[in-house]
Amino acid sequence: MHQLQAPGRAGRAMAEWAKQLAGIKGVVLDISGVLYDSGGEGGGVPIPGSIEAVEKIKASGLKLRFCTNETQATRGKFVAKLQRLGFNILVNEVTAPAPAACRILKERNLRPHLLVHDDLVPEFDQLDKANPNCVVIGDAADNFSYKNLNEAFRVLIGLENPILISLGRGRYYKETDGLKLDVGVYMKALEYACDVQAEVVGKPAERFFQSALAEMEVEPQQAIMIGDDIVNDVGGAQQCGMRALQVRTGKYRPCDEQHPEVKADGYVNNLAEAVGIIVKQLHK
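Residue numbering note: each chain is counted from 1, following its sequence as written. In view of the model being predicted, local features appear only for residues whose pLDDT reaches at least 70, and side-chain atom pairs are presented and counted only at 80 or more, with totals across whole chains, interfaces and linings using the full set of residues. Side-chain measures were taken over the full set of non-hydrogen atoms in the model, leaving aside hydrogen atoms and water.

Enquirer: Pulling in residues and values, what's your account of unusual backbone geometry?
Expert: Cis geometry is found at the peptide bond from Lys203 to Pro204, where omega equals 10 degrees. Note on conventions: DSSP H or I runs of at least 4 residues are helices, E runs of at least 2 residues are strands, and numbering of each starts at the N terminus. Topologically, Pro204 is positioned in the loop between β11 (199–200) and α7 (206–216). Residues other than glycine seldom take positive phi values, yet Asp195 does so here, at roughly 55 degrees. The residue Asp195 is located in the loop between α6 (183–194) and β11 in this model. A residue is classified by how much of its surface remains accessible, and Asp195, at 74% relative accessible area, is exposed. Within the chain, Glu217 stands out as a residue other than glycine whose phi angle is a positive 60 degrees. Structurally, Glu217 is set in the loop between α7 and β12 (223–227). Classification of Glu217 as exposed rests on a relative accessible area of 66%. Throughout this description, buried means an accessible area under 20% of the type-specific maximum (1.4 Å probe, protein chains only), exposed means over 50%, and partly exposed covers the range between.

Enquirer: Provide a residue-level description of helix α4 (residues 97–107), including the pertinent values.
Expert: Where burial is concerned, most of α4 is hidden: eight out of the 11 residues are buried. If you check which residues of α4 are buried, you get Pro97, Ala98, Pro99, Ala100, Ala101, Cys102, Ile104 and Leu105. Backbone geometry just after α4 places Asn109 at a positive phi near 55 degrees.

Enquirer: Explain the sheet that holds strand β14 (residues 266–268) to me, using residue names and the numbers behind them.
Expert: Two strands form a pair only when DSSP identifies at least two bridges running between them. Reading across the sheet, the six strands line up as β5-β4-β1-β12-β13-β14 and stay open at both edges, with parallel pairing between neighbours. Every interior strand has two partners, whereas the edge strands, β5 (94–95) and β14, have only one. The pairing of strand β1 (residues 26–29) with β12 spans four bridges and is parallel. Bridging across to β12, Leu29 finds its partner in Ile226. Whether two residues are in contact is decided by their heavy atoms: any pair within 4.5 Å suffices. In this analysis, axes come from line fits to C-alpha atoms, helices being fitted only over the stretch in contact, and the angle between any two N-to-C directions falls in the range 0 to 180 degrees. Taken strand by strand, α7 contacts β1, β4 (63–67), β5 and β12, and its axis lies near 150 degrees from that of β4.

Enquirer: Could you give an account of the sheet that holds strand β6 (residues 112–115), naming the residues involved and the relevant values?
Expert: Pairing is parallel across the open sheet formed by four strands, whose spatial order is β6-β7-β8-β11. Here the strands that pair on one side only, and so sit at the sheet edges, are β6 and β11. The strands that helix α5 (residues 146–157) touches are β6, β7 (134–137) and β8 (164–166); relative to β6, the one it contacts most, it runs at about 160 degrees. Each of β7, β8 and β11 is contacted by α6, which is oriented at about 170 degrees to β8, the strand it contacts most.

Enquirer: Hey, could you go over the nonpolar core for me, with residue numbers and the actual values?
Expert: When a protein is soluble and globular, its nonpolar side chains tend to lie buried together. Nonpolar cores are built from buried Ala, Val, Leu, Ile, Met, Phe, Trp, Tyr and Cys residues. Side-chain atoms within 4.5 Å join them into one set. Within the largest apolar cluster, 34 residues are counted, with the highest numbers of intra-cluster contacts made by Leu29, Phe66 and Ile226. At the level of secondary structure, the elements contributing two or more residues to this core comprise β1, α2 (50–60), β4, α3 (75–84), β12, β13 (243–247) and α9 (271–282). Ranked by the residues each element gives to this core, the list is headed by α9, at six residues. Each residue touching Leu29, except ones within four places of it in the same chain, is listed here: Leu35, Val54, Ile57, Leu64, Arg65, Phe66, Cys67, Met225, Ile226 and Leu271. Val28, Cys67, Ala237 and Ala244 belong to the second-largest nonpolar core, a separate cluster that totals 20 residues.

Enquirer: Help me get a handle on the environment of Arg154, residues and values and all.
Expert: Looking at the secondary structure, you find Arg154 in helix α5. Taking the C-alpha atoms as reference points, Arg154 and Cys194, 40 residues apart in sequence, are found 9.1 Å from one another.

Enquirer: Quick rundown of the packing of aromatic side chains? Include the residues and the values.
Expert: Side-chain rings of Phe, Tyr and Trp (the six-membered ring for Trp) are treated as a pair once their centres are within 6.5 Å; stacked means planes under 30 degrees apart, edge-to-face means over 60, and tilted covers the remaining angles. A complete count under the given rule lists two aromatic pairs for this structure. By the criterion adopted, a ring carries a charge over it if an Arg CZ or a Lys NZ lies within 6 Å of its centre and within 35 degrees of its normal. For Lys251, the ring lying beneath its charged end belongs to Tyr172, and the centroid distance is 5.5 Å.

Enquirer: Outline the confidence of the model for the chain, listing residues and values.
Expert: On a range of 0 to 100, pLDDT expresses the predictor's confidence in each residue. Of the residues in the chain, 93% reach a pLDDT of 70 or more, and the chain-wide mean stands at 92. Between residues 1–7, whose pLDDT stays under 50, and residues either more than four places distant or in other chains, the model counts 25 contacts.

This is the structure we're talking about:
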């Protein structure tokens, strides 16, 4: 598959890549590491050009969906933070794991024991949490203490049919002060301890991507994913039938371009570059 080249090596390879953009009607964007780097006093720093890139997509007529594994705040508070940083983004444009997990819990009459960030707890206010019959784990950050992990372990190991629901399975992510361990590390610990397979709600789960596509009313082959995670963003989208670009921002590392199992359809320096190419091809 032809890959998007750096600007100095465009030429024929770029022309070949442009052919793959035919029929694109929707764009799905990861947020952390693509729009901004989280952390710090203001809650994060926009990646240069990303605010303008979002505006450019919206002005182009392409459908747009934001697809995030963010679980350190409610969707409303998370979007409010992005708006303060300068992004034109609405709550109903964001597909996030916690609301999706709540729907699953209600459908299956599950009562969760929560191992999540304090700021995410309000997402689960409408659920019965007495006498839990499952564990829900998210990016709990400092709540990932031995005490809290052991409590979740005891709930799971005491269930006849243990159910572990994980809001994503990322290994790490980038904040302004460096890389941080993500929920997948702690999910794996509980899987190992309890001999159970977690149900992942969030990227790279196919159902999560399908939900974003349904919101845009486009087919997988009509959409392109732009993310910084070679496995969860790029690999997850491709498994769903979408095309996918990896940006060289956020958690990106050069070795991602030689990943043994996942190969992005293209690699771009940042979101602004990706959007510039996509929008340019729309007008050809």
